[in-house]
Amino acid sequence: MTLKYLIQKEFLQIRRNSFMPKIIFIFPIMVMCVMPWVMNQEVKNIRVDVVDLDRTTSSQQLVHQIEASNYFIFNGQKATYQEAMKDIETSMADIILEIRDGKYLIAANAVNGTKGSIGSAYLTQIVTTSVAPTTAAIQAKVSTLFLYNKGQNYKVFMIPALMGILMMMLCGFLPALNIVGEKEKGTIEQINVTPVSKGAFILAKLIPYWIIGLLVLTLCLLLSWLVYGITCQGPLLLVYLLAILLALFFSSFGLVVSNYSDTMQQAMLVMWFFVVCLLLLSGLFTPARSMPDWAYLTTYVNPMHYFVDAIRTVFVRGGNFQTIAHQVLALLTISAVMGVWAVQSYKKNS
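Per chain, residues are indexed from 1 in the order of the written sequence. Under the rules for a predicted model, residues below a pLDDT of 70 receive no local features and side-chain atom pairs below 80 are neither given nor counted, while totals for whole chains, interfaces and linings still include all residues. The basis for the side-chain values is all heavy atoms of the structure; hydrogens and waters are excluded.

A short note on the overall build of the protein chain
Elements are defined by DSSP. Helices are runs of H or I of four residues or more, strands are runs of E of two residues or more, and each kind is numbered from the N terminus. Assigned secondary structure in the protein chain consists of 14 helices and four strands. With the C-alpha coordinates aligned to their principal axes, the bounding extent of the protein chain is approximately 90 × 45 × 40 Å. Burial classification: accessible surface area is computed with a 1.4 Å probe over protein chains only, and a residue below 20% of its type maximum counts as buried, one above 50% as exposed, and the rest as partly exposed. Burial status across the protein chain gives 44% buried among its 350 residues. Contacts are residue-level and defined by heavy atoms, with any inter-residue pair within 4.5 Å sufficient. At a minimum sequence separation of 6, the contacts of the protein chain that also span at least 24 residues come to 77%. Here the Shrake-Rupley method, with its probe set to 1.4 Å, supplies the accessible areas, and only the displayed protein chains count as covering residues. Entry remark: accessible area of the protein chain is about 18,500 Å², with carbon and sulfur atoms responsible for 64%. Asp and Glu count as negative and Lys and Arg as positive, but His and the ends of the chain are not part of the count. Charge positions are represented by NZ for Lys, CZ for Arg, CG for Asp and CD for Glu. One finds the centroid of the 25 positive side-chain charges in the protein chain at a distance of 15 Å from the centroid of its 18 negative side-chain charges.

What follows is the structure, given as structure tokens:
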């Protein structure tokens with residue numbers, strides 16, 4: 001019964017806060033409706049300068065092919081390579097194509113490595129198919145089958161990861177700020193003098209945010225279906241299981257941070273430091289195998305890595321429990337350890 005009243009107190013505190021209920025629902029809506037459109041690693045609108053010193057029929061046909069491409073913005077033809085380089089230096093162009101004596105030079109601005117490498121690869125493909133018809137004929141005979149995400153829609157790749165980010169932010173930051181806020185106000189001292197056990201107190205702090213996290217996850221699934229027409233290919237129960245385990249970790253982690261913090265500013269900075277590290281080292285944006293060996297070792301203790309890997313397996317590929325059993329076990333172990341730490345680190349009589 002004590003736990004019931006403590007949970008009611010937490011929900012009353014959330015409801016009486018004029019800002020908290022709004023951010024809990026507006027934040028997920030903004031993330032799901034805006035971020036999938038902008039968090040896209042497909043490279044487009046690459047500005048190209050052409051220096052055609054040959055002025056042959058074939059070179060002009062190549063220029064027209066570049067103009068017609070959806071990936072490039074034709075920046076015009078320049079008289080000399082030096083003139084085109086001025087556009088590169090002033091960020092007015094991204095790539096230079098020089099045609100001289102039947103030879104082709106592609107110079108790419110690689111300050112943005114992704115844009116430079118992928119853009120030059122696109123342009124190389126156009127040049128190759130234009131000047132080597134036999135190569136184009138061979139490529140025409142090769143068929144590529146894309147499994148699971150057949151349309152190569154980047155939104156399908158990012159939406160499950162965005163769900164993980166929302167669970168991290170809401171279930172991690174809110175419990176941490178809750179306890180530190182009570183410390184600053186002095187209201188936590190009223191709990192410290194009661195016979196409420198540490199376990200009951202910690203559960204009362206966690207359960208409301210688990211419920212909020214599951215409601216937000218449901219909202220995200222609805223928005224994914226209504227806005228993008230993207231639905232989960234595997235069992236939804238597995239998505240909720242993964243979300244619960246991730247919420248358990250980050251809510252427990254938030255409480256651990258709050259237990260060792262004296263001010264809200266301190267808790268925010270510590271949380272932000274660890275959240276950014278866990279996020280960037282999880283393989284959420286780029287493949288984890290692309291990281292150096294020493295950095296890849298951190299994925300073995302990174303719950304976000306296991307969550308992202310598992311939810312993409314279920315959401316995109318339609319995997320079952322057997323295909324994500326390893327990730328579920330790892331998440332359960334890490335979350336259980338963090339939950340025990342959250343209870344043990346709370347000093348009730350301090």
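Concerning the packing of helix α10 (residues 236-260) against helix α14 (residues 325-345)
Running from N to C, α10 and α14 cross one another at 30 degrees; their axes reach a closest spacing of 8 Å. Comparing the axis directions of α10 and α14 gives the class roughly parallel. In this structure, α10 crosses over α14, and the sense of that crossing is left-handed. Contacts between α10 and α14 involve L241, L242, L245, L246, L248, F249, S252, F253, L255, V256, N259 and Y260 from the first element and V328, L331, L332, I334, S335, M338, G339, W341, A342 and S345 from the second. Partitioning the contact of α10 with α14 into residue classes produces 17 nonpolar, five polar and no charged. Orientation is described by axes fitted as lines to C-alpha atoms, over the contacting stretch for helices, and by angles from 0 to 180 degrees between their N-to-C directions. The scheme is simple: roughly parallel for angles under 35 degrees, roughly antiparallel for over 145, roughly perpendicular for 65 to 115, oblique for anything else. Note on convention: the crossing is left-handed when the near helix lies turned anticlockwise from the far helix by less than a right angle, right-handed when the turn is clockwise. Any residue outside Ala, Val, Leu, Ile, Met, Phe, Trp, Tyr, Cys, Pro, Asp, Glu, Lys and Arg is labelled polar, Gly included; the first ten of those are nonpolar and the last four are charged.

Focus: helix α13 (residues 303-315)
Given the number of residues in a helix, its expected span is that number minus one, multiplied by 1.5 Å. The end-to-end C-alpha distance of α13, which contains 13 residues, comes to 18 Å, matching closely the 18 Å that a straight helix rising 1.5 Å per residue would cover. α13 sits mainly inside the fold: 12 of its 13 residues count as buried. All buried positions along α13 are accounted for by P303, M304, H305, Y306, F307, V308, A310, I311, R312, T313, V314 and F315. The inward-facing, buried residues of α13 abut α7 (154-185), α9 (198-228), α10, α11 (264-280) and α14. Here a polar contact is recorded for every N or O atom pair within 3.5 Å, except that within protein the pair must consist of a potential hydrogen donor and a potential acceptor, and residues adjacent in sequence are included only if both atoms are side-chain atoms. Backbone nitrogen of M304 and a side-chain oxygen of the N-cap are separated by 3.0 Å at the start of α13; the cap is N302.

Thoughts on the environment of N178
On the secondary structure map, N178 appears in helix α7. Among the residues examined, N178 registers a relative accessible area of 12% and is labelled buried. Separated by 165 residues in sequence, N178 and Q13 have C-alpha atoms that sit 9.5 Å apart. Not counting the four nearest positions on each side in its chain, N178 is found in contact with E10, Q13, K205 and Y209.

What about the confidence of the model for the protein chain?
Residue-level pLDDT values for the protein chain average 84, and 93% of them are 70 or greater. Per-residue pLDDT, averaged within each element of the protein chain, yields its smallest value for helix α6 (residues 133-141) (58) and its largest for α13 (92). pLDDT gives the predictor's per-residue confidence on a scale running from 0 to 100.

What about the packing of aromatic side chains?
Side-chain rings of Phe, Tyr and Trp, where Trp is taken by its six-membered ring, are said to pair if the distance between their centres is within 6.5 Å; with planes under 30 degrees apart they count as stacked, over 60 as edge-to-face, and otherwise as tilted. Enumeration according to the criterion identifies eight aromatic pairs in this entry. Measuring from centroid to centroid gives 4.5 Å for Y71 and Y122, while their planes differ by 40 degrees, and the two rings are tilted. Of this pair, Y71 sits in the loop between α3 (57-68) and β2 (72-77) while Y122 sits in helix α5 (residues 113-131), placing them 51 residues apart in sequence. On the basis of an interplanar angle of 80 degrees and a centroid distance of 5.1 Å, the ring pair of F273 and F274 is categorised as edge-to-face. Lying across the ring of F157, R312 places its NZ or CZ 3.7 Å from the centre. In our convention, an over-ring charge means Lys NZ or Arg CZ found within 6 Å of a ring centre and within 35 degrees of that ring's normal.

So, a nonpolar patch on the surface
Patch rule: a residue counts if its relative accessible area is over 30% and it has no salt bridge; like charges are joined within 9 Å, and nonpolar side chains (Val, Leu, Ile, Met, Phe, Trp, Tyr) within 5 Å. We define a salt bridge as a contact between a side-chain nitrogen of Lys or Arg and a carboxyl oxygen of Asp or Glu at a distance within 4 Å. Residues I26, M30, V34, M35, W37, V38, L222, W225, L226 and V227 make up a contiguous nonpolar surface patch of roughly 1,000 Å² in combined accessible area. For the nonpolar patch, the element with the highest residue contribution is helix α2 (residues 20-38), accounting for six residues. Turning to its location among the elements, V38 is positioned in helix α2. Among the residues examined, V38 registers a relative accessible area of 55% and is labelled exposed.

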